[in-house]
Amino acid sequence: MNIISREEAVCLFYAVPFSQENVNKYTSIINQIEDVDICFTRNPYKPKLLCTRVIYANAFCRICS
């Protein structure tokens, strides 16, 4: 399984091209939301936003890093 970076996952989540401008813009949006992070379950190319409590409580969630 190929693991993608958090920055790539953010761009995939928002369906925007991977560029530093988009990474900065959309990462800051996610970082402003309290207790939420981007992660994936089976497919790293289908990232999700989930409550951090759910991410850490379930072994099936992996944080995009």
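Residues numbered from 1 in each chain as written. Predicted model: local features only at pLDDT ≥ 70, side-chain atom pairs only at ≥ 80, totals over all residues. Heavy atoms only, no water.

## Here we look at the overall build of the chain
From N to C terminus, the chain includes three helices and three strands. Helices and strands appear in the chain in the N-to-C order α-α-β-β-α-β. Per-residue burial for the chain yields a buried fraction of 29% across its 65 residues. Considering only intrachain contacts with a sequence separation of at least 6, the fraction spanning at least 24 residues in the chain is 39%. Here the chain has roughly 4,500 Å² of accessible surface; of this, 51% comes from carbon and sulfur atoms. (Helix = DSSP H or I, 4+ residues; strand = E, 2+ residues; numbered from the N terminus. Buried < 20%, exposed > 50% of the residue type's maximum accessible area, 1.4 Å probe, protein only. Contact = heavy atoms within 4.5 Å. Areas by Shrake-Rupley, 256 points an atom, 1.4 Å probe, with all protein chains shown as cover.)

## So, the environment of leucine 12
Mapped onto the elements, leucine 12 comes out in helix H1 (residues 6–14). Accessibility expressed as a relative area gives 39% for leucine 12, which makes it partly exposed. In this structure, the C-alpha to C-alpha distance between leucine 12 and lysine 46, residues 34 residues apart in sequence, is 7.3 Å.

## Describing the environment of asparagine 43
Mapped onto the elements of the fold, asparagine 43 is located in the loop between strand E1 (36–40) and strand E2 (48–51). In this structure asparagine 43 comes out as partly exposed when scored by relative accessible area, which is 32%. Considering only alpha carbons, one finds asparagine 43 and asparagine 2, 41 residues apart in sequence, at a separation of 9.1 Å. Within the local environment of asparagine 43, its side chain forms a polar contact with the backbone nitrogen of tyrosine 45, the two atoms lying 2.8 Å apart. (Polar contact = N/O pair within 3.5 Å; in protein donor to acceptor, adjacent residues only side chain to side chain.)

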